[in-house]
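What follows is the residue order along each chain.
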Amino acid sequence: MSRYLTSGKIALLALVELYAESRFPNQSVVPVLSFVIRHLVSPKENAAFILTLERIKSATLHQPSAVVGRTIFDLLLKKLWEINSFDALHTFFANIQTYLIEPERADKSPVRVHGEKSMLSRTSVLGCFVRRAALEYVRLQFHDAVSLWRSFIAYREPTLAMWKKRNLGAGPMSFDVNLKGLGFGDGVVGVVYGRGKESRDCTISTDDVERLLEFQVESMQRMGTRVPDDMQVQLRQMLSTNVTIPALTHYVEFLNSWRSGDYPGSFDNLHRYFDYTMHNRDRTFYQYALLNLAILQADFGCYRESILAMQETINTARENKDMACLNFSLSWLYHFHKAHPQDCPDVISSRMERESLQFLKAKAKEGGMHHLQSMAHLSEAKQILVGGESIPAAFESILRSSHLNVTKNIHNAMGSQILLQSSLWSRMGISYLSWMNCEVFLSKYRVNSPIEDVVKALCRSAYIMSLRGKTDEALERLDQVDQECLRALKVYQYWATYVGLLKLRQAMYKGDTAAAELLLQQLSASPYVEPDCALEIAICRLDLLARRGNYSAALTAITQLSEELARDRADIYHRIRVMIIKADLLSKCGRTVKGLSVAISAATIAWRSRLLPALFQAFRTIANILIHMGEFSAAYSMMDNIMPQVLECEDAYLNAQCFSCLADAQMGLAGTRKGAGRNECLHRALEFIDRGFAEYSRIRDTKSQMTLMSQKARIQDFAGEKSLRDDAVKWYKQLKKSS
């Protein structure tokens, strides 16, 4: 079995020989040589690894040659069929080396004369290709050389009909001049070539398989995907031949098992790969084995083991002075500490305070690791947002990252940058820009971005649509995701969690507590949940308890949740949301003063951090408490002033709650006034009830719709509008029947 040579490479050598013979006119040199070099220097397409004659034909058929009336493909066909015996193949490899010349003796003249040889420098791309091909042919054992010859015959056979049109003397035995006058039934032909002229294992080489595996590893690491099913079949077919199985096969299997959630398989293949490479002194060093092991352990929830492996990685990288591995390891450890502070020892926590992002940015810049530097800027922006610090400083860090991504052409970092921008706009209450960022990413950058970022953008876009009351459209969009993206376990779990959350909220709004309880149990059963999703699940659990009237259990659960968030130094936005929910529960339990204190604290922190949706939620809670305390005018004035900005958030549930609060304030004011003033307040209350009812209708919150319709019926009855009251009662009964 050939390590390097295949029939396709012989065809490329024939093209190189035609070029060296000055058979290419000037207009054909660039396209044909580009085609040749593209298949020699790291091809980027899967189909380019196995070079077929059809691909060569499509690249050369329409390119004119220096011979009048002939294309380059015509000359190539003649060159290939001139190799009409095993001896001719040997002569071909011997003659091709005569076109090589030492670099200092190479002719620098750009003028090419037809019919004269154009010597190839031994150090050029084409020269290196010719040298290696000739060397590999000399190193072939006799039976391997015969296998290559048989493979070349089968490779060239489809062009026999075209060769007959150009050479009338060609026949079915033209593939070997020594068989002239014989037929396929002859014993000699049967002994030499078997049944017909079948290919014998030389359609691919070990080099082709290694390049294909390198391409797969690069794609899987860059995009975060698994090996596609059709590619797995192709790899099995390649490895089922007599080709030597490269060690990189074990690494591909490791990545594939890792993405699919097969912990034992991934662990086993990782050990196989690095045991082989360490034994053979490959380019891969010990610290990279530890690095892969640490990341693998962390992905499967073995945090203590992951920390130990990463500490050993850092120590080994320092000993070997591998700055790239060291900087990446420190960056990973920093992000791990931020995500799982409770699992990091005190030594690691103190080290993370010293070796902060400033250190990582400086080292990444010194080492020219632009991707790591860009991600460090994004981490700095995220840290600012999590701590509730300056919004302009967060924008500055994002812009620095964007500048690096654009100037250094870092495509796979655009997803993280745009997703962080989307989160920032959402925190500022500008929902439309948040959604637009996700759409821009999905339409313009998804091809070169990791699958995880693509699915995150899709889920966030669907979540924003659900906040607008378009839950059915959001679920439909999530169902339309490419199934190939969901073959990685981590990505599938993230997608399934968002689908479950949307269905859970839909069930809760409809009053289907049994379905909501089942969905809540399914979502809580997953051991690996993103922090944002975990908070949403916890909030849904609290909301479900409150809707059932179990306020004591809800208060106990929210107290425990608050302590956990404070212990882990969680996102300030998450902590504010929990504070607001706690204030609501305290208000419903009759502890209005305590609830007012908590709500004011939440509003103060939200305003300082410019978290406008949380600020409006806090104002709504404060207004409800003021209404319970009889301060109707203050509650109405506060809510009326913020309503334009509330509507900009495009949150149907928040809009409905605010309109309901305004209606309650107007009804309270109506009780303090008489005559025309009272009627005016009642009419305003009816208007706010209608608008709140419309918002609740968008999210299909049946219980809240019934509450508003009950209030409307009472107001109409008080105003003496019997027909309108009966319509409201009819609506109430229909809602109760459908719930």
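Our subject is the structure that appears above.
Let me begin by describing the structure that accompanies this report.

Rules and cut-offs
Residues numbered from 1 in each chain as written. Predicted model: local features only at pLDDT ≥ 70, side-chain atom pairs only at ≥ 80, totals over all residues. Heavy atoms only, no water. Helix = DSSP H or I, 4+ residues; strand = E, 2+ residues; numbered from the N terminus. Buried < 20%, exposed > 50% of the residue type's maximum accessible area, 1.4 Å probe, protein only. Areas by Shrake-Rupley, 256 points an atom, 1.4 Å probe, with all protein chains shown as cover. Axes fitted to C-alpha atoms, helices over the stretch in contact; angles between N-to-C directions. Parallel < 35°, antiparallel > 145°, perpendicular 65-115°, else oblique. Left-handed = near helix turned anticlockwise from the far one by under 90°. Contact = heavy atoms within 4.5 Å. Nonpolar A, V, L, I, M, F, W, Y, C, P; charged D, E, K, R; others polar. Expected span 1.5 Å × (residues − 1). Arc of directions from axis to C-beta. Phe/Tyr/Trp six-rings, centres within 6.5 Å; stacked < 30°, edge-to-face > 60°. Salt bridge = Lys/Arg side-chain N within 4 Å of Asp/Glu carboxyl O.

**Focus: the overall build of the protein**
No. 1: The secondary structure content of the protein amounts to 36 helices and 2 strands.
No. 2: The burial tally for the protein puts 52% of its 739 residues in the buried class.
No. 3: Accessible surface computed for the protein: about 35,700 Å², of which carbon and sulfur atoms make up 53%.

**Points about the packing of helix α12 (residues 248-260) against helix α14 (residues 286-299)**
No. 1: Relative orientation of the contacting elements α12 and α14 amounts to 20°, with a least axis distance of 12 Å. On the basis of their axis angle, the class for α12 and α14 is roughly parallel. Crossing handedness for the pair α12 and α14: left-handed. Between α12 and α14, the residues in contact are Tyr 251, Phe 254 and Trp 258 and Asn 292, Ile 295, Leu 296 and Asp 299, respectively.
No. 2: Its residues placed into classes, the contact of α12 with α14 shows 5 nonpolar, 1 polar and 1 charged.

**With respect to the environment of Ala 474**
No. 1: Positionally, Ala 474 belongs in helix α24 (residues 471-479).
No. 2: Note: C-alpha distance between Ala 474 and Ser 461 (13 residues apart in sequence) is 8.0 Å.
No. 3: Ignoring anything within four residues of it in the chain, the contact list for Ala 474 reads Ala 462, Met 465, Ser 466 and Leu 502.

**Description of the environment of Ala 685**
No. 1: Tracing the backbone through its elements, the reader meets Ala 685 in helix α34 (residues 676-699).
No. 2: Using a relative accessible area of 0% as the deciding quantity, one classes Ala 685 as buried.
No. 3: Sequence separation between Ala 685 and Met 667 is 18 residues, and the spatial gap between their C-alpha atoms is 6.1 Å.
No. 4: Excluding residues that lie within four positions of it along the chain, Ala 685 makes contacts with Ala 663, Gln 666, Met 667 and Ile 715.

**As for unusual backbone geometry**
No. 1: Even without being glycine, Arg 610 reaches a positive phi, approximately 60°.
No. 2: Among the secondary structure elements, Arg 610 is positioned in the loop between α30 (592-609) and α31 (612-628).
No. 3: Given a relative accessible area of 38%, Arg 610 falls into the partly exposed group.
No. 4: Positive phi outside glycine occurs at Glu 650, with the angle close to 55°.
No. 5: By secondary structure assignment, the location of Glu 650 is in the loop between α32 (632-648) and α33 (652-672).

**Examining the packing of helix α29 (residues 572-588) against α30**
No. 1: The geometry of α29 relative to α30 is characterised by a closest axis approach of 8 Å and an angle of 160° between their N-to-C directions. Between α29 and α30, the angle is such that the two are roughly antiparallel. Handedness of the α29/α30 crossing: left-handed. Facing Ile 572, Ile 576, Met 579, Ile 580, Ala 583, Leu 586 and Ser 587 of α29, the residues of α30 in contact are Thr 592, Lys 594, Gly 595, Val 598, Ala 599, Ser 601, Ala 602, Ile 605, Ala 606 and Ser 609.
No. 2: Tallied by class, the residues present in the contact of α29 with α30 amount to 11 nonpolar, 5 polar and 1 charged.

**A word on helix α20 (residues 391-407)**
No. 1: The end-to-end C-alpha separation of α20 is 24 Å, in line with the 24 Å expected for 17 residues at 1.5 Å each.
No. 2: By the burial criterion, the buried members of α20 are Ile 391, Ala 394, Ser 397, Ile 398, Ser 401, Ser 402, Leu 404 and Asn 405. Looking straight down α20, one finds its buried side chains confined to an arc of 160°; they lie on one side. When the buried face of α20 is taken as reference, the exposed residues oriented beyond 90 degrees from it are Pro 392, Leu 399, His 403 and Val 406.
No. 3: Buried residues along α20 sit against α19 (370-386), α21 (414-427) and α30.

**Observations concerning the side chain of Gln 373**
No. 1: Counting through the fold element by element, Gln 373 comes out in helix α19.
No. 2: Looking at Gln 373, the relative accessible area reads 10%, which means it is buried.
No. 3: Here Gln 373 is in contact with Lys 361, Ala 364, Lys 365 and Leu 404, once residues within four sequence places are set aside.

**Structural notes on helix α7 (residues 142-156)**
One full turn of an α-helix is made of 3.6 residues, so residues set three or four places apart face in the same direction.
No. 1: Between its first and last C-alpha atoms α7 spans 21 Å; for 15 residues at 1.5 Å apiece the expected length is 21 Å, and the two agree.
No. 2: Counting buried residues along α7, 12 of its 15 residues qualify, which places the element largely inside the surrounding structure.

**Describing the packing of aromatic side chains**
No. 1: Within the structure shown, the criterion is met by 25 aromatic pairs.
No. 2: With a centroid separation of 5.8 Å and 40° between ring planes, the pair formed by Tyr 492 and Trp 495 is classed as tilted. Highlighted residues: Tyr 492 and Trp 495, both in helix α25 (residues 489-510), separated by 3 residues, approximately one helical turn.
No. 3: According to the relative accessible area criterion, Tyr 492 is partly exposed, its value standing at 39%.
No. 4: Every member of this aromatic cluster is reached through a ring pair, and the members are Tyr 251, Phe 254, Trp 258, Tyr 273 and Phe 274.

**Focus: the pattern of salt bridges**
Side-chain pairing between opposite charges can occur once the charged atoms of the two side chains come close.
No. 1: Considering all chains together, one arrives at 29 salt bridges under this definition.
No. 2: The partner of Glu 536 in a salt bridge is Arg 505, and the shortest N-O contact between them spans 2.9 Å. Within this pair, whereas Glu 536 is found in helix α27 (residues 531-547), its partner Arg 505 is found in helix α25, the two being separated by 31 residues in sequence.
No. 3: Looking at Glu 536, the relative accessible area reads 9%, which means it is buried.

Just geometry here; none of it tells us what the structure is for.
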